[in-house]
Amino acid sequence: MAYLKRFRIGASRLILLALVILASLIRFLLIAYHWPTTNSDEGVIDLMALHIAYRGEHPIFYYGQAYLGSLEAHLAAPFVLLFGPSVFSVRLLLIALYALFLVLLYNLASRLYTRKLALFSVLLLSFGSLDMILQQLKAFGRYPDILVLNTLLLLLASHLALTSPLASPAPRRWGLFFLMGLLSGIAIWTDQITLPFVGCALLLLALFCRRELRGWGLGLLLVGLLIGIGPMIYANLTSPLGNNSLNAILNVNGAMANEMAAKNIPSVRRFVGSLLFALPAATGFNQLCSPNQLPLFGPATPTMLACTLTHGLWSLGYLGLGGIATTQALISAWRLRPRETTLTELAPSDYRHLVIECTRLALLLSAGSILALYTLSASAAVNPGPTSRYLFSMCLALPALLWPLWRGLLPLTWPTLWRARALFTLRIATLLFILSMLVVGTVRTFEDVPNAQETFQKQENLINYLLSHKKTRIYSDYWTCNRLIFQTTEQIACSVLDEQLQSGQNRYPLYTEEVQKATAPAYVFIQDSAQARAFESQTYLPHALLYQRATVSGYIIYIKSCKVCST
């Protein structure tokens with residue numbers, strides 16, 4: 001009996017378990033019904049996992065992007081081996097990572113705030129808007145991974161800081177410093193968007209673990225960091241000077257900046273794209289409007305004012321809560337700071353509270369830095385729709401943002417003064433509004449499932465047509481190629497053509513080589529696409545007798561008539 005009591009699970013953990021199961025079940029049902037619709041960006045990660053699982057390849061970076069690490073593909077490889085190569089198999093990993101994130105977030109929020117707020121935060125994130133769930137279930141190569149890594153970093157940093165005054169050199173503590181460095185390196189290798197979280201976590205160590213960092217702690221931290229970021233270092237040392245990760249990042253940012261300059265986009269549009277579209281999309285608002293319906297993105301319409309107000313009010317509320325939470329943490333940390341004593345001489349309760357307030361600040365500062373960096377980038381001005389995913393990791397700061405609303409709210413007792421009653425009602429209403437927004441977003445996501453199933457069936461029809469006609473070497477657009485290659489487990493090889501029918505963004509050159517060797521490759525283009533129009537006018541019409549043309553599920557397929565060609 002004593003043994004059973006020792007391992008009894010408390011009510012909070014049972015509720016947490018139920019919420020994690022609920023969140024996982026929601027996402028499992030979605031991927032079982034082929035939502036979200038896959039594309040070639042996801043196909044790249046799928047193909048990397050396939051190559052790791054069956055060929056023993058170990059790519060360091062995301063194919064074609066020499067600055068994004070391949071962690072997600074390596075983690076997905078066992079799922080591909082266990083369940084077979086499919087989009088569904090890879091997405092099972094994403095569900096597992098998100099479930100782990102919810103557990104870690106609960107532990108972090110419990111340490112920094114209260115268990116009840118931690119559970120409420122997990123409840124909110126068990127649901128989500130369509131945009132949020134999309135980022136959780138599409139294998140883009142990093143987003144669920146960095147949620148786990150960032151949360152682990154803050155948990156480790158806060159633990160090391162809280163236990164520092166009483167710590168003595170011990171193998172377990174040495175291991176934690178090494179692990180802290182290792183996770184920091186892996187996070188940077190995976191995606192440099194983690195740098196704000198890595199920097200703030202390391203700053204906590206610098207503030208509260210100075211004694212240990214003067215000795216063995218710093219050495220172990222650096223060793224772990226070098227091992228974690230080692231793949232990136234190795235790749236950059238062994239690649240041509242002009243192909244390093246820094247140049248790759250500068251080229252991507254430069255391309256966006258050049259597009260912004262070429263289109264004469266004003267700088268103020270960065271703030272419009274960031275605050276009126278990307279921030280609401282990444283934090284749970286059910287989008288009512290597209291970027292083209294916002295100021296400076298499209299012509300003035302009767303709906304522009306409504307779009308600006310609704311999206312703007314959500315961002316204003318988000319920034320307002322963030323500002324209040326940051327101010328509260330700053331004031332508390334300032335009051336608790338040591339004046340005539342050192343940190344180790346503070347009373348244990350004061351020291352603990354100071355570490356907690358500084359960790360809260362680190363969490364808020366990390367999220368704020370990501371938003372600021374995105375707002376200052378050209379991505380926010382040029383294309384805030386797909387690039388809003390760069391703000392995805394800001395959901396980690398949800399407990400900190402809710403704290404001003406939650407603080408002192410429980411137990412639910414009705415205040416006596418009318419002003420206190422009004423504030424009490426407003427806080428409850430705001431929390432319920434946020435919950436309802438995320439629940440409605442989940443419902444809207446399921447309502448989109450029929451569209452995803454229809455698209456999946458069209459993709460299957462196209463695949464069946466090509467395989468039945470033995471056309472396994474094809475040219476197509478970027479958004480078709482990688483997806484088709486993986487969905488047919490490489491039975492089809494595809495080479496990308498751009499809008500001028502020139503070689504496009506081929507992330508894995510071996511497929512292009514296979515297509516170029518084919519005697520009579522097929523040309524598969526989306527109807528009314530630039531590629532289809534160009535091929536029609538430049539090749540098909542002048543040589544109509546040489547080609548057969550078919551239309552399958554929204555694609556035009558051009559097959560060269562050839563009695564001796566089988567591919």
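Rules used throughout
Residues numbered from 1 in each chain as written. Predicted model: local features only at pLDDT ≥ 70, side-chain atom pairs only at ≥ 80, totals over all residues. Heavy atoms only, no water. Pairing = 2+ DSSP bridges. Helix = DSSP H or I, 4+ residues; strand = E, 2+ residues; numbered from the N terminus. Axes fitted to C-alpha atoms, helices over the stretch in contact; angles between N-to-C directions. Contact = heavy atoms within 4.5 Å. Disulfide = S-S within 2.5 Å. Buried < 20%, exposed > 50% of the residue type's maximum accessible area, 1.4 Å probe, protein only. Polar contact = N/O pair within 3.5 Å; in protein donor to acceptor, adjacent residues only side chain to side chain.

Colleague: Can you explain the sheet that holds strand β7 (residues 555–560)? Please cite residues and give values.
Modeller: Spatially, the five strands line up as an open sheet ordered β4-β3-β5-β7-β6, and their pairing is mixed. At either end of the open sheet lies a strand with only one pairing partner, and these are β4 (493–496) and β6 (547–552). Pairwise comparison of adjacent strand axes, ignoring direction, gives a mean angle of 25° for this sheet. Direction of pairing for β6 relative to β7: antiparallel, over a ladder of six bridges. The residue of β7 that forms the bridge with Gln-548 is Ile-559. Helix-sheet contacts for helix α23 (residues 478–487) involve β3 (473–476), β4, β5 (522–526) and β7, and the interaxial angle to β4 is about 160°.

Colleague: Could you give me a rundown of the state of the cysteines, with the residues and numbers involved?
Modeller: Scanning all chains against the criterion turns up two disulfides. One disulfide in the model links Cys-289 with Cys-307; its S-S distance is 1.9 Å. In this structure, the disulfide formed by Cys-289 and Cys-307 twists by about -85° around the S-S bond and is classed as left-handed. In this pair, Cys-289 sits in the loop between α15 (269–283) and α16 (304–336) while Cys-307 sits in helix α16, placing the two residues 18 residues apart along the sequence. The buried category is assigned to Cys-289, whose relative accessible area is 11%. Overall, the relative accessible area of 2% leaves Cys-307 in the buried class. Here Cys-481 engages in a disulfide with Cys-494; their sulfurs sit 1.9 Å apart. Taking the torsion about the sulfur-sulfur bond, which here is approximately -55°, the covalent link between Cys-481 and Cys-494 counts as left-handed. Linking Cys-481 in helix α23 with Cys-494 in strand β4, this pair joins segments that are 13 residues apart in sequence.

Colleague: Now, about α23: what can you tell me, with residues and values included?
Modeller: Summarising burial for α23: eight of the 10 residues are buried, a large majority. Of all the residues in α23, the buried ones are Tyr-478, Thr-480, Cys-481, Asn-482, Arg-483, Leu-484, Ile-485 and Phe-486. One side-chain oxygen of the residue at the start of α23 lies 3.0 Å from the amide nitrogen of Trp-479, identifying that residue as Asp-477. Backbone geometry just after α23 places Thr-489 at a positive phi near 45°.

Colleague: Before we move on, can you summarise unusual backbone geometry with the specific residues and values?
Modeller: Keep in mind that most residues, glycine aside, have a negative phi and that most peptide bonds are trans. A cis amide bond, omega 0°, links Trp-35 with the succeeding residue Pro-36. Note that Pro-36 resides in the loop between α2 (11–32) and α3 (40–55). Even without glycine at this site, His-34 takes up a positive phi of about 65°. Mapped onto the elements of the fold, His-34 is located in the loop between α2 and α3. Owing to a relative accessible area of 30%, His-34 belongs among the partly exposed residues under this scheme.

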